[in-house]
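Close look at the chain arrangement
Letter by letter, the chains look like this.
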Amino acid sequence: MHSTLMALIDITDNWYLNIDGDLTNAILFIDLNKAFDTIDHEIFLSKLELYGFKGVSLNLFRDYLPDRTQVTVMNHVKSESSRISCGVPQGSILGPLLFLLYINDLPNCHLLSDVRMCADGTNLTFASSDAEEPFSSLTHDLSNLKQ
């Protein structure tokens, strides 16, 4: 909670400084809550290799992530089992850590905006005296993040 509060103070302080400098703030809030479900296993394993995971430790994750299934229960009726091909197990101890490792390089995506990451939320801020520049810059950054 303390680090979240400090991050919020830092972000708003930055916005106020921009306003005091006669700049327009354009802020894009990105909720990464559902992103746990979209983690591509091959991309994630490649990132782990870049972080120095190899051999037994990399194989541990190679075995941990794939071949999981899910079942939905609604009104006491159980669905058929479906194979999950991406994502990390939510509710596990490792889930949040794996997610953070996956998005850790997000600020290095050649973004024009100032990136602030906190828990499962991220915001991009772009300040300019030109009213059109923030929109085009945030559009550029959102496209880079998608890739």
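Throughout what follows, the structure given in this document is the object of discussion. (Residues numbered from 1 in each chain as written. Predicted model: local features only at pLDDT ≥ 70, side-chain atom pairs only at ≥ 80, totals over all residues. Heavy atoms only, no water.)

1. With respect to the packing of aromatic side chains
The following threshold applies: Any two of the Phe, Tyr and Trp rings considered here, Trp counted by its six-membered ring, make a pair once their centres fall within 6.5 Å; the pair's planes then place it as stacked at under 30 degrees, edge-to-face at over 60, or tilted in between. Per the convention used, a helix needs a DSSP run of H or I reaching at least four residues, while a strand needs a run of E reaching at least two, with both numbered from the N terminus. Think of it in three bands: residues with accessible area under 20% of the maximum for their type are buried, residues over 50% are exposed, and the middle band is partly exposed, with areas taken using a 1.4 Å probe on protein chains only.
The tally for this structure, following the rule as stated, stands at four aromatic pairs. For the pair Trp 15 and Phe 29, a centre-to-centre distance of 6.2 Å together with 85° between the ring planes defines the contact as edge-to-face. With Trp 15 in helix α1 (residues 2-20) and Phe 29 in strand β1 (residues 24-31), the pair connects residues that are 14 residues apart, well separated along the chain. Overall, Trp 15 belongs to the buried group, its relative accessible area being 16%. Judged by its relative accessible area of 59%, Phe 29 is exposed. Aromatic pair Phe 44 and Tyr 102: ring centres 6.2 Å apart, planes at 50°, arrangement tilted. Of this pair, Phe 44 sits in helix α2 (residues 41-50) while Tyr 102 sits in helix α4 (residues 94-103); the two residues are 58 residues apart in sequence, bridging distant segments of the chain. Side by side, Phe 44 and Tyr 102 carry an identical accessibility label, which is buried.

2. Looking at the side chain of Lys 47
Quick reminder of the rule: Residue contacts follow a heavy-atom distance rule, with two residues in contact if any of their heavy atoms lie within 4.5 Å.
The topology assignment puts Lys 47 in helix α2. For Lys 47, the contacting residues outside a window of four places in its chain are Leu 101, Tyr 102 and Asp 105.

3. Remarks on the pattern of salt bridges
Note the following rule: We define a salt bridge as a side-chain nitrogen of Lys or Arg found within 4 Å of a carboxyl oxygen belonging to Asp or Glu.
A complete count under the given rule lists four salt bridges for this structure. Linking Arg 83 and Asp 67 is a salt bridge whose minimum nitrogen-to-oxygen distance equals 3.7 Å. A residue pair is termed long-range when its members are at least 10 positions apart, and Arg 83 in strand β5 (residues 82-84) and Asp 67 in the loop between α3 (55-64) and β2 (68-70) qualify at 16 residues. Here Arg 116 ties to Asp 114 by a salt bridge, and the two come within 2.8 Å at their closest N and O atoms. On the basis of relative accessible area, Arg 116 is assigned to the buried category, the value being 17%. Each of Asp 10, Asp 114 and Arg 116 takes part in one network of salt bridges that share partners.

4. Details of the packing of α2 against α3
Put simply, the test is: Here an angle of 0 to 180 degrees is reported between the N-to-C directions of two axes, which are lines fitted to C-alpha atoms, with helices fitted over the stretch in contact. Angle categories are assigned with fixed cut-offs, so that under 35 degrees is roughly parallel, over 145 is roughly antiparallel, 65 to 115 is roughly perpendicular, and the rest are oblique. Crossing chirality is assigned from the near helix's rotation relative to the far helix, an anticlockwise turn below a right angle marking it left-handed and a clockwise turn marking it right-handed.
With their axes 11 Å apart at the nearest point, α2 and α3 run at an angle of 165° to one another. By the angle between their axes, α2 is roughly antiparallel relative to α3. By crossing handedness, the relation of α2 to α3 is classed as right-handed. Residue-level contacts link Leu 45, Leu 48 and Glu 49 of α2 to Leu 58, Phe 61 and Arg 62 of α3.

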